[in-house]
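# Remarks on the overall topology
For reference, the chains in residue letters:
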Amino acid sequence: MTHHTLHLPIGEKEARALKAGDTVTLERTLFGIRDATLIHMFDRGRRTRLDLKGHAVIHTAPNVRKVDVSPECPSGYEPICIGTTTSMRMERFTQGLMQREGVRLIIGKGGMGERTLEAFREMGGAYLAIVGGAAALETTWIEAIEDVDLDDLNPESLWRFRIKGFGPLLVGMDSHGGSLFATVAKDVAARRAAVLEKIGAGE
Amino acid sequence: MELDPHEIGEVCKTLYIRAVKLLPRDVKEGFTELQRRETDATGRAILGTMVENIAVAERTRNLLCQDTGIPIYNITIGKNVVFDGVALKAAIRRGCERATREHPLRSSVVHPITRQNEQTSCGPGVPIIHVDFDEREETVEIEMIPKGSGSENGSFLQMLIPADGVKAVKRFVIDKVIELGGRVCPPTIVGVGIGGTSDLCVHLAKRAATRPLRTVCPDPEGAKIEAELSEAVNELGIGPQGLGGRSTSFAVHVEVAATHITMNPVAVNIQCHSARRATARITPGGIAFG
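Conventions and cut-offs
Residues numbered from 1 in each chain as written. Chains lettered and ligands numbered in written order. Predicted model: local features only at pLDDT ≥ 70, side-chain atom pairs only at ≥ 80, totals over all residues. Helix = DSSP H or I, 4+ residues; strand = E, 2+ residues; numbered from the N terminus. Rg over C-alpha atoms; globule rule 2.2 N^0.38 Å. Buried ≥ 20, exposed ≤ 12 C-beta atoms within 10 Å, placed from the backbone. Contact = placed C-beta atoms within 7 Å. Pairing = 2+ DSSP bridges. Axes fitted to C-alpha atoms, helices over the stretch in contact; angles between N-to-C directions. Expected span 1.5 Å × (residues − 1). Nonpolar A, V, L, I, M, F, W, Y, C, P; charged D, E, K, R; others polar. Domains from an automatic or database assignment. Core = buried A, V, L, I, M, F, W, Y, C linked by C-beta atoms within 7 Å.

## Details of the overall build of chain A
- Looking only at helices and strands, chain A has six helices and nine strands in total.
- Taken against the 2.2 N^0.38 rule, which gives 17 Å for 203 residues, the C-alpha radius of gyration of chain A at 18 Å falls within 12% of a compact globule.
- Overall size of chain A, expressed as C-alpha extent along the three principal axes, is 60 × 35 × 35 Å.
- Within the span of chain A, comprising 203 residues, buried residues form 52% of the whole.
- Residue pairs at least 24 apart in sequence account for 66% of intrachain contacts in chain A once pairs closer than 6 positions are excluded.

## A look at the overall build of chain B
- When helices and strands are tallied, chain B shows eight helices and nine strands.
- Over its C-alpha trace chain B gives a radius of gyration of 19 Å, about what one expects of a compact globule, namely 19 Å for 290 residues.
- Taken over 290 residues, chain B has a buried fraction of 49%.
- Of the contacts formed within chain B by residues at least 6 apart in sequence, a portion of 81% connects residues at least 24 apart.

## A word on the pairing of strand β3 (residues 140–147) of chain B
Residue and element names in this part refer to chain B.
- Counting buried residues along β3, six of its eight residues qualify, which places the element largely inside the surrounding structure.
- Direction of pairing for strand β1 (residues 70–79) relative to β3: antiparallel, over a ladder of eight bridges. Bridging across to β3, asparagine 74 finds its partner in glutamate 143.
- Of the strand pairs in this sheet, β3 and strand β8 (residues 278–283) are connected by five bridges, and their pairing is antiparallel. Its bridge partner being in β8, methionine 144 is matched across the sheet by alanine 278.

## Structural notes on the sheet that holds strand β2 (residues 128–137) of chain B
Residue and element names in this part refer to chain B.
- The strand order β2-β1-β3-β8-β9 describes an open sheet built from five strands, whose pairing is mixed. Edge strands, defined here as strands with exactly one partner in the open sheet, are β2 and β9 (286–289). Looking at each pair of strands side by side, their axes are set apart by 20° on average, direction ignored.

## A word on helix α7 (residues 198–209) of chain B
All names here are of chain B.
- Given a rise of 1.5 Å per residue, twelve residues ought to cover 16 Å, and the 17 Å separating the end C-alpha atoms of α7 matches this to within 8%.
- Those residues of α7 that sit buried are Cys201, Val202, Leu204, Ala205, Lys206, Ala208 and Ala209.
- Looking at the buried positions of α7, the neighbouring elements they touch are β4 (155–160), β5 (188–195), β6 (249–257) and β7 (264–271).

## Some points on the sheet that holds β4(B)
Residue and element names in this part refer to chain B.
- Spatial ordering of the open sheet is given by β4-β7-β5-β6, a layout of four strands whose pairing is mixed. Of all the strands in the sheet, the pair left with one neighbour each is β4 and β6. Adjacent strand axes in the sheet meet at a mean angle of 15°, parallel and antiparallel pairs treated alike.
- Bridge analysis of β5 against β6 gives eight bridges, and the strand direction is parallel. Each residue of the ladder has a partner; that of valine 192, found in β6, is valine 254.
- Sitting on the sheet, helix α8 (residues 220–233) is in contact with β5 and β6, with an inclination near 155° to β6.

## Topic: the interface of chain B and chain A
- Across the contact, 43 residues belong to chain B and 40 residues belong to chain A.
- Contributions of two or more residues to the side of chain B that touches chain A are made by α3 (41–60), α6 (165–180) and α8 of chain B.
- For the side of chain B that touches chain A, the leading source of residues is α3(B), giving eight residues.
- The class makeup of the residues in the side of chain B that touches chain A is 18 nonpolar, 15 polar and ten charged.

## Looking at the domain arrangement of chain B
Residues and elements named next belong to chain B.
- Entries for chain B in the domain assignment read domain 1 (5–19 + 64–148 + 276–289) and domain 2 (149–271).
- If you average the C-alpha positions of domain 1 and of domain 2, the two centres end up 26 Å apart.
- With eight residues of domain 1 at the contact, the number on the domain 2 side is five residues.
- Taken together, the residues of the side of domain 1 that touches domain 2 sort by class into two nonpolar, three polar and three charged.

## Some thoughts on unusual backbone geometry
- For the bond running from A:Leu8 to A:Pro9, omega is 5°, close enough to zero to count as cis.
- Assignment of secondary structure puts A:Pro9 in the loop between β1 (3–7) and α1 (12–16).
- A:Pro155 follows A:Asn154 through a cis peptide bond whose omega is 10°.
- With respect to the helices, strands and loops of the structure, A:Pro155 is situated in the loop between β8 (142–149) and β9 (158–173).
- A positive phi angle, close to 85°, is found at A:Arg28, a residue other than glycine.
- For A:Arg28, a count of 16 C-beta atoms within 10 Å corresponds to the partly exposed category.
- In this structure, B:Arg115 is a non-glycine residue whose phi angle is positive, near 65°.
- Note that B:Arg115 resides in the loop between α4 (85–102) and β2.
- Note on B:Arg115: 12 C-beta atoms within 10 Å, which makes it exposed.

## Some words on the nonpolar core
- Ranked by size, the top nonpolar core spans 137 residues in total, and within it A:Leu128, B:Cys12, B:Val173 and B:Val192 carry the most contacts.
- For this core, the element with the highest residue contribution is β9(A), accounting for nine residues.
- Counting residues domain by domain, this core receives three or more from each of domain 1 (5–19 + 64–148 + 276–289) and domain 2 (149–271) of chain B.
- Among all residues touching A:Leu128, those that are not within four sequence positions of it are A:Val24, A:Leu105, A:Ile107, A:Leu169, A:Leu170, A:Val171 and A:Gly172.

If you want it as structure tokens, here you go:
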């Protein structure tokens, strides 16, 4: 297990160097994205002016306060609380995010499925697991909201955060077919019969 | 005692903000208990981060989780309380809106078809308001639950039949916990409704999922099943965030209602580790937040 510090954006080689079980700290830039953002970008033909190439996206919709534009708040938004939502709902968008937008890393909670793993294998990417529901802590890793696009979808806009020491995150899925979530699921499936037997609910 | 709608509005605003920031004591104690028993290294590290987050939220007076949830208000009205029900409901809604605008909180509520967000945490039928009555003299209790969606999406109803027996009820719960894995932000509270009609069964599951830890199902048969399932889910190895370990759930809670001779319904509703609730008790002596 290796710890990586990644200054975003990154290239394919850096993404492929990540192995399931490694830990990662992110620096510089992170994009916030989620259900409505992706539905509008991929199902309704909308495009963003923000450049996601080589970047990391986190599944989030933040709590923000609208403020005057200033050097500290260049987007006119001040972060209040930024956390992470369940990733699996966004499974069908991974391929497009990587192919069309050039995204390399996805940060989320709960893991993603086979199609995402396949996209990582094909194009070079990874899923970084963050502790869901630990948003107060996560917010301390965010310095500012630098930019925002598709803001009619607020709070599900496309956000660009300036980050510092964002992590440690756990590589949950890599570009070599490794998935900690799949490993745990296999282990759980193997225990199921004995657990059911014990409570008199065996098949 | 007469309820003042203005005061109720203030209380409902405060409750929403308190709920998203301060984790109830029973849940904090639940974390201590899980940490004591967790042996998996990843599981221990994740529990440690969750506990650290609770402290950071308190220190920075920030929200525990970014998900401000679907607002639920449970009102229990005691004896000899005079109130205008319509004004009471309007006051609750106003309090919910004000918390969202004035704090501000993320409005997580949209119209289900247009997906329009009014930025008020309100919409048709939301906030969800449940009114009940009890025996307490001149007492009104308001409980606010910001129900997070990651865990709410882990909701299921199965209209089993009598021939399936209790066995199928237990299997249903275990299989749903397995299917959900890390998606519902474990360690969770697994709420199980057994009996009733379809809608009551789902409501029982929600009541079970949002009940304080270390409380026991009032029905002795239900209590037996919840003890058994509480042990069983933590032998599955799902662990915190679905990354392995013992701590899949703080507990399984069961709520029971009578059902029809032809029916055997079971429902599951999950509460995530950010098992947030806030309460206020209003008496002639004043308002006490808990």
